[in-house]
Amino acid sequence: MRAKSIVPGKRVKPKLGSDDWIMRGFIALIAIYLVIALAFPLYAMLSKAFSTYHYDLGQFEFQVSDQEGQFDGTILSARELNEKQQAYSQQELSTGSGGRLAVTNFFPDFSFRSTVLYKVRGIDDNAVFLVGSERKSGTVWQEVDSNKFRKVVLRPVKSTGLSNFSIYFSTPALVRSIKNSLLISAISTIITVSLAFWFAYSLNRSCMRFKGVFRLIAMAPILVPSLLPGIALVYLFGNQGMLKSVMMGESIYGPYGIVAGSVFFTFPHAMLIITTALAISDARLYEAAVSLRASPWRTFWTVTIPGARYGLISAAFVVFNLVITDFGLPKVIGGQFNMLAVDIYKQVIGQQNFEMGAVVSVVLLIPALFAFAIDRIVQRKQVALLSARSVVYEPKPNRGFDWLCFSYCALIAIFIVGILGVCQYAALIKFWPYDLSLSLKNYAFDLMDGGGWAAYRNSIKLASLTALFGTVVVFIGAYMVEKTQGFSVGRAGFQFLAMLPMAIPGMVLGLAYIFFFNNPNNPLNFIYGTMTILVLCTVTHFYTVSHLTAVTALKQMDNEFESVSSSLKQPFYKLFVRVSVPVCLPAILDISIYLFVNAMTTVSAVVFLYSSGTALASVAVLNMDDAGDVAPAAAMGMMIFYTNIIARTVHALVSRGVLKRTQSWRTR
Amino acid sequence: MNKNHTANPPNASNTPFLTIKDLWKAFGKFVALREISLEVFEGEFVCFLGPSGCGKTTLLRAIAGLDLQTSGEIEQGGNDISNLPPAERDFGIVFQSYALFPNLTIEKNIAFGLENTGKGKAEVSARVNELLELVGLPDQGKKYPAQLSGGQQQRIALARAIATEPGLLLLDEPLSALDAKVRVFLRHEIKELQRKLGVTTVMVTHDQEEGLSMADRIVVMNHGIIEQVGTPAEIYRDPQTLFVADFIGEMNQMAGKALSGSSVQVGQQKLSCPDHEFKNGSQVIVAVRPEDIVPHGKGARSQGAKDTIKTPGNAFEVIVSDMEFLGSFWRASLQSSKLGDARLIANLSINAVHRMSVEIGKTLKIEIPPERIKVFPPSQKVSQGSGLEDV
């Protein structure tokens, strides 16, 4: 608006070329995808959290006949009847979306064998009641005999308000979870970040041997579902655990188990971030410190820590977010110790109280969004540091220090390998702790609840489809948003939608999907309970990291490629196919393996969405553990682990092969 | 086409090939280009020259359609192209970053624009070879861009840009990423190629040497406006504004005041100069190029040549306060009680310095030829910017 006043003359309106239209079409398509797969479900969930249901008795009217079936025309309001009979208290009149209220309690003389007839109607079209399974509404009198009148139930009306939240906050058992979740996440964060920092420090700053092996081992927890360490901990420290005495009477079921397991599964995430932060510090600062005769201790606090501070902060918030939103681990080892994510599961699956599940989701969303926002801000600063980097630090051998680092890393590696080893051991023995002979009977998944080998095959199918469609959608979306000219409002909106999934806990997303897709009025209702919805949900759940990977790769490409191509009058898709995709192929392969591995291990989002035909391996681990089949659960968990190792190996080989063929230009 | 739009079209051709009319570009509240009107003639090599941030690249991108102007018209070859997307315009472009597709061979890079134009494979291949020959890099077609040097890559980018025989060639700081030596070499290469092909060319540069040596005409830009348009010699010899005088080459600037008619005064020294329109006694900047200062005295001219002072009023004595050897000449800092606080820089030939044995502290007689003196208003920048600082 302001520009109008400072620039005279008629504004030039761009004429859009065919490329512009095609690209905008693609952006619109992928934006619609994100709206359907993310925005609408979240909206459905939020509105559910603020929806309350109660029976509005003023809506209903009755007539009662005499023994001969003759009505005298007296109309009785349900509200007046209730006031007279005190049939239902005010509290009993508030209910959930599925609530049904029997009407016979309004009539103390009611007997289903009598010959009395009843008439019932609403006072307007909003009044809904059921006669048997038939849904009736409106002001037409429905006449039923006594036997049928037993089966007349009233349906509640919906209103919007905060009463769900007031119920939540007045239920001590539920509120306690907030404190539990925050406490456990904070403790796990402190422990994980400290352990990961020294691990990353050893990898970066020492000349110890076997760095590559340590790095590989440290990454292993990414390849298993988060609940697997829980199973291992049960075998180690549970009631019949191998090392139960270590616990000195304390129970592993509860905070200790959750913290230990959380440290295991969040360790690689923290280690990766801190390693990156340490790798960018400037060697010249260390040379300056040495020349100023600073002690190593002083150098550490004045050079190393400030240089890595963004990495440390970022790692802390990522770990915090992972722990507070994780559901599998506290479910397996939490015992009576309630966490927010488990509360959602319990409310929805256990009590069928969807409104309360939505309320807990909203509560969980707050710390998750907060941690996400801080991480994003810090990451941006880290990037600024990175671009200003100069000389890479090269560690010098130091016998004592190197041995110290080696011992430390070996301890961590033993912890990680130990946890996985215990799971594998548990999977292979007949009956812990009574019959320790080896057997494969725990692999007979088809004999147990949880979905059997079909679940394992489903998981592979889900992971492959997620990797395939996810990579295509993510990369095309990132390309369009990065390389389109103008259209800035649309692109900003798209960017926001692409970042959102990272802030949404899996449980919340899964629940949101129930609300949105299970609604019979939704034209997309048909995908509910199919593999499609699982793929859709998983792609969306892991969209952000994939999107950022693609954007980073695209940003590294010269911005003028598009300009040159259009000056040569070539359509953008030719450039896309012949240049953009080949140049970004390493990133594309990284995205696909990331999606594959996460689809194999994820529990939280899909636990609400699988059906009997689409049971998944990760969910099977959960369900078999729940049913007491702990050894088969461990066996299935390790199957996921091995599958991911194979996938990663294949990915590495394919990458190398493809890179050799298509990236020969990289070498001079 | 309105041929009569410019008063004196330069000799290249009388048809304006590219016409820019009252073009403005704003980024939010910042006005990057204001009131730009310009004509480029067929076959001409025009240079947009200016410091960074002056709007020269913005103007080039508007011509290419890569960043549309806010208002104003652009005509190319008689067609209004003001709002067309790049693909519907007719130009080839070369960027500072080369922007060669890294995963395609040199051949494929050059052939990129030739594909799906109805040409057969053999025809495309022949054209690619012809272009490789033209830019002096035959036999390099099978290599990847990363295997070539920067200068070679830029020549490939040039070959790719002209492959489709565009009517207009746009060069966006094409030499800025290269070493000094390669730059000078490529300067000639590009100029020669342009002459051979006769393609109308617009180049953006911040390097005045590049502009002076390559362009038929230079468009000097500053703060989003055109300061002056002219041939390199015109721009250098006859700068219209203090900015141009200062930006192109070097210029002594002395605060002084105008006297009536054709003279000015710096300190106590009166100097004859070309006619000016300043009021008697008003503040002015008196400017003269260092190489225009003429030394006088024994040994000032080579043997046999006469050493005559043409305008005695413009001759005075100075003390050499500093000397700097710059290879092909000496740069002397001169001061004089008559000039007051003003300092003068003069470029003296090595021979003259040798013959006159000029040294620091020595007194020297110099003359400033009146016709070489330029007089500018003192606060020119503000009046020219026409309130730009306020936006």
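Quick caveat: nothing in here was measured; it's all calculated off a predicted structure. (Residues numbered from 1 in each chain as written. Chains lettered and ligands numbered in written order. Predicted model: local features only at pLDDT ≥ 70, side-chain atom pairs only at ≥ 80, totals over all residues. Heavy atoms only, no water.)

Engineer: Can you tell me about helix 7 (residues 211-219) of chain A, naming the residues and giving the values?
Structural biologist: All names here are of chain A. By the burial criterion, the buried members of helix 7 are F214, I217 and A218. Down the axis, helix 7 shows its buried residues gathered within 100° of arc, on one side only. Looking at the buried positions of helix 7, the neighbouring elements they touch are helix 6 (172-205), helix 9 (255-279) and helix 15 (399-428). (Buried < 20%, exposed > 50% of the residue type's maximum accessible area, 1.4 Å probe, protein only. Helix = DSSP H or I, 4+ residues; strand = E, 2+ residues; numbered from the N terminus. Arc of directions from axis to C-beta. Contact = heavy atoms within 4.5 Å.)

Engineer: Describe the pairing of strand 9 (residues 217-222) of chain B, naming the residues involved and giving the relevant values.
Structural biologist: All names here are of chain B. Taken across its 6 residues, strand 9 has 6 buried, putting it largely inside the fold. Covered by surrounding structure in strand 9 are R217, V219 and M221 together with I218, V220 and N222, the residues of both alternating faces. Where strand 3 (residues 45-49) lies against strand 9, 4 bridges are found, and the strand directions are parallel. From the neighbouring strand, F48 faces strand 9, where its bridge partner is V219. Counted along the chain from strand 9 to the antiparallel partner strand 10 (residues 225-230), the turn is 2 residues long, and its residue H223 has a positive phi close to 50°. (Pairing = 2+ DSSP bridges.)

Engineer: Describe a positive patch on the surface, with residues and values.
Structural biologist: Residue and element names in this part refer to chain A. Residues R113, K148, R150 and K151 make up a contiguous surface patch of positive charge. With respect to the secondary-structure elements, R150 resides in the loop between helix 4 (146-149) and strand 10 (152-154). Residue class for R150 comes out partly exposed when judged on its relative accessible area of 40%. (Patch = residues over 30% accessible without salt bridge, like charges linked within 9 Å, V, L, I, M, F, W, Y side chains within 5 Å. Areas by Shrake-Rupley, 256 points an atom, 1.4 Å probe, with all protein chains shown as cover. Salt bridge = Lys/Arg side-chain N within 4 Å of Asp/Glu carboxyl O. Lys, Arg positive; Asp, Glu negative; His and termini not counted. Charge placed at Lys NZ, Arg CZ, Asp CG, Glu CD.)

Engineer: Any details on the nonpolar core? Residues and values, ideally.
Structural biologist: Core analysis: the biggest nonpolar cluster contains 218 residues, and F608 of chain A together with F48 of chain B have the highest contact counts within it. With residues up to four places along the chain from it excluded, the contact list for F48 of chain B reads L38, K56, L59, L60, I63, V202, M203, V204, T205, V219 and M221 of chain B. Grouped together as the second largest cluster of nonpolar side chains are 42 residues, C47, L49, L132 and L171 of chain B included. (Core = buried A, V, L, I, M, F, W, Y, C linked by side-chain atoms within 4.5 Å.)

Engineer: Describe in detail the pattern of salt bridges, supporting the description with residues and values.
Structural biologist: Scanning all chains against the criterion turns up 27 salt bridges over all chains. The salt bridge involving E107 of chain B is made with K142 of chain B; its shortest N-O contact spans 3.0 Å. Taken together, the residues span a long stretch of sequence, with E107 of chain B in helix 2 (residues 106-111) and K142 of chain B in the loop between helix 3 (121-134) and helix 4 (150-162) at a distance of 35 residues. A cluster of three or more residues bridged by salt bridges with shared partners is formed by E560 of chain A together with R61 and D67 of chain B.

Engineer: Any details on the sheet that holds strand 6 (residues 117-122) of chain A? Residues and values, ideally.
Structural biologist: Strands belonging to one sheet form pairs held by backbone hydrogen bonds; the direction of such a pair is parallel or antiparallel. An order of 3-2-6-9 (chain A) is seen for the 4 strands of this open sheet, with the pairing classed as antiparallel. Strands with a single pairing partner mark the edges of an open sheet, and in this sheet they are strand 3 (76-77) and strand 9 (142-145) of chain A.

Engineer: Which residues make up the confidence of the model for chain B, and what are the values?
Structural biologist: Residue and element names in this part refer to chain B. Looking at chain B as a whole, the pLDDT averages 88, with 93% of positions reaching at least 70. Low pLDDT, under 50, characterises residues 1-11; the predicted model gives this stretch 16 contacts beyond four residues in sequence or across chains. This stretch, residues 380-391, has a pLDDT under 50; its non-local contacts, to residues over four places away or in other chains, come to 17 contacts. As scored by the predictor, the complex reaches a pTM of 0.85 and an ipTM of 0.82. (pLDDT = per-residue confidence, 0-100.)

Engineer: Account for the packing of aromatic side chains, with residues named and values stated.
Structural biologist: For the structure on display, the rule yields 47 aromatic pairs over all chains. Ring centres of F325 of chain B and W330 of chain B lie 5.0 Å apart, and the angle between their planes is 45°; this geometry places the pair in the tilted category. Through pairs of rings, three or more aromatic residues link up here, namely F62, Y88, F106, F107, F110, Y118 and F149 of chain A. When the ring centre of F112 of chain B is taken as origin, the NZ or CZ atom of K574 of chain A, which lies over that ring, is 4.4 Å away. Note that R289 of chain B overlies the ring of Y236 of chain B, its terminal NZ or CZ placed 3.9 Å from the centroid. (Phe/Tyr/Trp six-rings, centres within 6.5 Å; stacked < 30°, edge-to-face > 60°. Lys NZ or Arg CZ within 6 Å of the ring centre and 35° of its normal.)

Engineer: Pulling in residues and values, what's your account of the sheet that holds strand 1 (residues 51-54) of chain A?
Structural biologist: Residues and elements named next belong to chain A. In spatial order, the strands read 4-1-11; together these 3 strands make up an open sheet with antiparallel pairing. Looking at the sheet topology across the chains shown, the edges are occupied by strand 4 (94-95) and strand 11 (157-160). The pairing of strand 1 with strand 11 spans 4 bridges and is classified as antiparallel. Paired with T52 across the two strands is S159, which belongs to strand 11.

Engineer: Break down the confidence of the model for chain A for me, with residues and values.
Structural biologist: For chain A, per-residue confidence averages 89 on the pLDDT scale, and 97% of positions sit at 70 or higher. Summarising per-element confidence for chain A, the mean pLDDT is lowest in helix 1 (residues 2-6) of chain A (54) and highest in helix 19 (residues 531-541) of chain A (96).

Engineer: Give me the lowdown on the domain arrangement of chain A, citing residues and values where you can.
Structural biologist: Each assigned domain of chain A is listed with its residue range as follows: domain 1 (18-50 + 448-666), domain 2 (52-160) and domain 3 (166-439). The distance between the C-alpha centroids of domain 1 of chain A and domain 2 of chain A comes to 49 Å. (Domains from an automatic or database assignment.)

Engineer: So, a nonpolar patch on the surface: which residues are in play, and what are the values?
Structural biologist: Residues and elements named next belong to chain A. Together, M242, L243, V246, Y425 and L436 make up an exposed nonpolar region whose accessible area comes to about 410 Å². By secondary structure assignment, the location of L436 is in strand 13 (residues 435-438). By relative accessible area, which is 42% here, L436 ends up partly exposed.

Engineer: So, the interface of chain B and chain A: which residues are in play, and what are the values?
Structural biologist: Between chain B and chain A, the residue contacts involve 43 residues of the former and 37 residues of the latter. In total, chain B and chain A occlude about 3,500 Å² of area from one another, counting both sides; carbon and sulfur atoms represent 61% of this. Our count for the chain B to chain A interface comes out at 14 residue pairs in polar contact (both at pLDDT 80 or more). In the side of chain B that touches chain A, the residues fall into 21 nonpolar, 13 polar and 9 charged. (Buried area = accessible area lost by both parts, 1.4 Å probe. Polar contact = N/O pair within 3.5 Å; in protein donor to acceptor, adjacent residues only side chain to side chain. Nonpolar A, V, L, I, M, F, W, Y, C, P; charged D, E, K, R; others polar.)

Engineer: Can you tell me about the domain arrangement of chain B, naming the residues and giving the values?
Structural biologist: All names here are of chain B. Assigned domains of chain B: these are domain 1 (3-91 + 166-246) and domain 2 (251-376). With centres defined by C-alpha atoms, the gap from domain 1 to domain 2 works out at 35 Å. Taken residue by residue, the interface counts 10 residues in domain 1 and 9 residues in domain 2. Both sides of the domain 1 and domain 2 interface together cover about 870 Å² of buried area, and 44% of this is carbon and sulfur. For the domain 1 face of the interface with domain 2, the top three residues by lost area are Y236, R237 and L242, together amounting to 59%. Here domain 1 and domain 2 share 2 salt bridges between them. A salt bridge links K374 to D238; its shortest N-O distance comes to 2.5 Å.

Engineer: Describe unusual backbone geometry, listing the residues and the values that go with them.
Structural biologist: The residue after W432 of chain A, namely P433 of chain A, is reached through a cis peptide bond having omega -5°. Within the secondary structure layout, P433 of chain A lies in the loop between strand 12 (429-431) and strand 13. Although it is not a glycine, D22 of chain B adopts a positive phi angle of roughly 45°. For D22 of chain B, the position within the fold is in strand 1 (residues 16-27). Under the relative-accessibility criterion, D22 of chain B is labelled partly exposed at 35%. At E35 of chain B, a position not held by glycine, the phi torsion is positive, near 55°. Residue classification places E35 of chain B among the exposed positions, given a relative accessible area of 57%.

Engineer: Account for the packing of helix 16 (residues 452-483) of chain A against helix 19 of chain A, with residues named and values stated.
Structural biologist: Residues and elements named next belong to chain A. Across the interface, helix 16 lies against helix 19 with an axial gap of 9 Å and an inter-helix angle of 55°. Put simply, helix 16 runs oblique to helix 19. Once helix 16 is placed against helix 19, the crossing between them reads as right-handed. Taking contact as the criterion, the partners of N458, K461, L462, L465, T466 and G470 in helix 16 are, on helix 19, M531, L534, V535, T538 and V539. Partitioned by chemical class, the residues of the contact of helix 16 with helix 19 number 6 nonpolar, 4 polar and 1 charged. (Axes fitted to C-alpha atoms, helices over the stretch in contact; angles between N-to-C directions. Parallel < 35°, antiparallel > 145°, perpendicular 65-115°, else oblique. Left-handed = near helix turned anticlockwise from the far one by under 90°.)

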